[in-house]
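Examining the three-dimensional arrangement
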Amino acid sequence: MLQKKAFAKVNLSLDIIGRREDGYHLVRMVMQTLDIYDLLKLEKLEDNKIEISVSDSRGDMGAKEEISRLPVGEDNLVYKAAKQVLQKYLWNKGRQGGVSITLEKHIPIAAGMAGGSSDAAAAIKGINELYELGVMDQELMELGVKLGADIPYCIMGGTALSEGIGENLTKLPQLSETVVLVAKPPIAVSTKEAYGDFDSFLESGKWIDHPDVDGQVDAIYSGDILKTASYCKNVLEQVTGGKHPEIQKLEEVMKKCGALNAIMSGSGPTVFGIFSNLQDAERAYNEIETNNMTEQLFISRTVGGSSAIV
């Protein structure tokens, strides 16, 4: 049996700069891996089959309602990723074999933290290792983007500038280990809904407050975490935050307790705050927990690319 950790990500900044004819949005964003992770356990099967099972973070099969709603068949992104790798590198070459994958969920679901994409990336890398295929990461990234724009980043991990539809990646200097408080309010926001709302917002002619992604990249190169945090901004928050006031309330608590900045990650609704010390993060954690503002709450830290999937 082989085990792989699939780490969550947050968007230190997220900007939408256009839209392709096929409907995909063109983005510029800075991505960062956190030490919150799902755990995948992979085992070889003799037959050309793929078996997926899911458990919650306590290891109880289907214990949480949201876990029980995850598909485990062909609609599951991990299943699709496993099939793509096995088809290309095993079955099409006349080799026999399948995989059984048990997925233990910790990353919040439908939360803007790339949980599904990271799980798929871990499955791709895990099967590559399990069957000793010897495929390089760049080729695996090119395979993964066919299933989801975040998958190439999740294979690479660390701190990165993401452009295009998310597939054009530039490795950035690793942030020094930083305390990050992550809070998911008890609401769900679909990626499709968030981007659709942004399109409507844009078409209405309203002013868009774009983040300064280049400024943040420069700050990362300079190693200035205070300046890096000051550039944190998510263009989707203008629409998602307007529909869900819980997002702003969480940010206000984090900033009041000493966060250098706090924003929504990805398509939301998860909010994260960057802290210069653990004590301030714990203070924010306690206030959010005491006031029942969230259903999932983590004190985490940033991790580098070499540790993104282990």
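Every value quoted in this text rests on a predicted model; they were computed, and no experiment measured them.

Comments concerning the overall build of the protein chain
A count of helical and extended segments in the protein chain gives 11 helices and 11 strands. In terms of its C-alpha atoms, the protein chain occupies a principal-axis envelope of roughly 60 × 45 × 40 Å. Put simply, the protein chain has 310 residues, and 55% of those count as buried. Across the protein chain, contacts joining residues at least 24 apart in sequence account for 74% of those joining residues at least 6 apart. A total of about 13600 Å² of accessible surface is found on the protein chain, and carbon and sulfur atoms cover 46% of it. Looking at charge distribution, the protein chain has the averaged site of its 32 positive side-chain charges lying 2 Å from that of its 44 negative ones.

Side note on the pairing of strand S6 (residues 168-171)
Within a regular beta strand, the side chains point alternately toward one face of the sheet and then the other, so they alternate between its two faces. With four bridges connecting them, strand S5 (residues 159-164) and S6 associate as antiparallel partners. Pairing of alanine 160 across the sheet is with lysine 171, part of S6. Here S5 hands over to S6 after three residues, with glycine 166 in that stretch at a positive phi of 120°.

So, the packing of helix H10 (residues 245-256) against helix H11 (residues 278-290)
When two helices pack together, their arrangement is given by the angle between their axes and by how far apart the axes lie. Taken N-terminus to C-terminus, the directions of H10 and H11 make an angle of 140°; their axes are 8 Å apart at the nearest point. Judged by the angle between their axes, H10 and H11 are oblique. Both H10 and H11 take part in a crossing whose hand is right-handed. Residues Leu250, Val253, Met254 and Lys256 of H10 lie in contact with H11, whose contacting residues are Arg283, Ala284, Glu287 and Ile288. In terms of residue class, the contact of H10 with H11 is made up of five nonpolar, no polar and three charged.

So, unusual backbone geometry
Across the junction of glycine 268 and proline 269, the peptide omega takes the value 5°, indicating a cis bond. The phi dihedral of glutamate 132 is positive, around 50°, even though this residue is not glycine. Within the secondary structure layout, glutamate 132 lies in the loop between helix H3 (115-130) and helix H4 (137-144). By relative accessible area, which is 73% here, glutamate 132 ends up exposed.

A word on the sheet that holds strand S11 (residues 296-301)
Sheet architecture is open: four strands sit in the order S9-S10-S7-S11, paired in antiparallel fashion. Since the sheet does not close on itself, it has two edges, and those belong to strand S9 (261-264) and S11, each with one partner. Going from strand to strand, the sheet's axes swing by 20° on average, the running direction of each strand aside. Strand direction decides the pairing type here: strand S7 (residues 179-184) and strand S10 (residues 271-275), joined by five bridges, are antiparallel. Paired with leucine 181 across the bridge in S10 is glycine 273. Sheet strands touched by H11: S7, S10 and S11. Its angle to S11, the strand with the most contacts, is close to 175°.

Brief notes about the pattern of salt bridges
This model, assessed by the stated rule, comprises 16 salt bridges. A salt bridge links aspartate 119 to lysine 105, with the shortest nitrogen-to-oxygen separation between them at 3.1 Å. Taken together, the positions of aspartate 119 in helix H3 and lysine 105 in the loop between strand S4 (98-104) and H3 put the pair 14 residues apart, joining distant regions of the chain. One salt bridge connects lysine 125 with aspartate 137, and the closest N-O pair in it is separated by 3.4 Å. Of this pair, lysine 125 sits in helix H3 while aspartate 137 sits in helix H4, placing them 12 residues apart in sequence. The network of salt bridges with shared partners includes Arg28, Glu163 and Asp214.

Some points on the nonpolar core
In this structure, Val99, Ile101 and Met254 are the most contacted members of the largest nonpolar core, which totals 68 residues. Val10, Leu175, Ile263 and Ile274 belong to the second-largest nonpolar core, a separate cluster that totals 23 residues.

Describing the packing of aromatic side chains
The full count for this structure, using the stated rule, is one aromatic pair. Between phenylalanine 7 and tyrosine 37 the ring centres are 5.3 Å apart and the planes differ by 55°, which places this aromatic pair in the tilted class. Of this pair, phenylalanine 7 sits in strand S1 (residues 2-19) while tyrosine 37 sits in strand S2 (residues 25-45); the two residues are 30 residues apart in sequence, bridging distant segments of the chain. Above the face of the tyrosine 131 ring, lysine 44 is positioned so that its terminal group lies 4.8 Å from the ring centre.

Points about H3
Relative to the 22 Å expected for 16 residues at 1.5 Å per residue, H3 spans 22 Å between its end C-alpha atoms, a close match to the ideal helical length. For H3, a buried count of 14 out of 16 residues is recorded, marking the element as mostly surrounded by other parts of the structure. One or two positions beyond H3, positive phi appears at glutamate 132, with a value near 50°.

Digging into H10
In a regular helix each residue adds 1.5 Å, so 12 residues correspond to 16 Å; H10 covers 17 Å between its end C-alpha atoms and thus fits that length. Taken residue by residue, H10 has Ile247, Leu250, Glu251, Val253 and Met254 as its buried positions. Looking down the long axis of H10, one finds its buried residues gathered within 160° of arc, a one-sided arrangement. Opposite its buried face, H10 presents the exposed residues Lys249 and Lys256, each directed more than 90 degrees away.

Thresholds, definitions, all that
- Residues numbered from 1 in each chain as written.
- Predicted model: local features only at pLDDT ≥ 70, side-chain atom pairs only at ≥ 80, totals over all residues.
- Heavy atoms only, no water.
- Helix = DSSP H or I, 4+ residues; strand = E, 2+ residues; numbered from the N terminus.
- Buried < 20%, exposed > 50% of the residue type's maximum accessible area, 1.4 Å probe, protein only.
- Contact = heavy atoms within 4.5 Å.
- Areas by Shrake-Rupley, 256 points an atom, 1.4 Å probe, with all protein chains shown as cover.
- Lys, Arg positive; Asp, Glu negative; His and termini not counted.
- Charge placed at Lys NZ, Arg CZ, Asp CG, Glu CD.
- Pairing = 2+ DSSP bridges.
- Axes fitted to C-alpha atoms, helices over the stretch in contact; angles between N-to-C directions.
- Parallel < 35°, antiparallel > 145°, perpendicular 65-115°, else oblique.
- Left-handed = near helix turned anticlockwise from the far one by under 90°.
- Nonpolar A, V, L, I, M, F, W, Y, C, P; charged D, E, K, R; others polar.
- Salt bridge = Lys/Arg side-chain N within 4 Å of Asp/Glu carboxyl O.
- Core = buried A, V, L, I, M, F, W, Y, C linked by side-chain atoms within 4.5 Å.
- Phe/Tyr/Trp six-rings, centres within 6.5 Å; stacked < 30°, edge-to-face > 60°.
- Lys NZ or Arg CZ within 6 Å of the ring centre and 35° of its normal.
- Expected span 1.5 Å × (residues − 1).
- Arc of directions from axis to C-beta.

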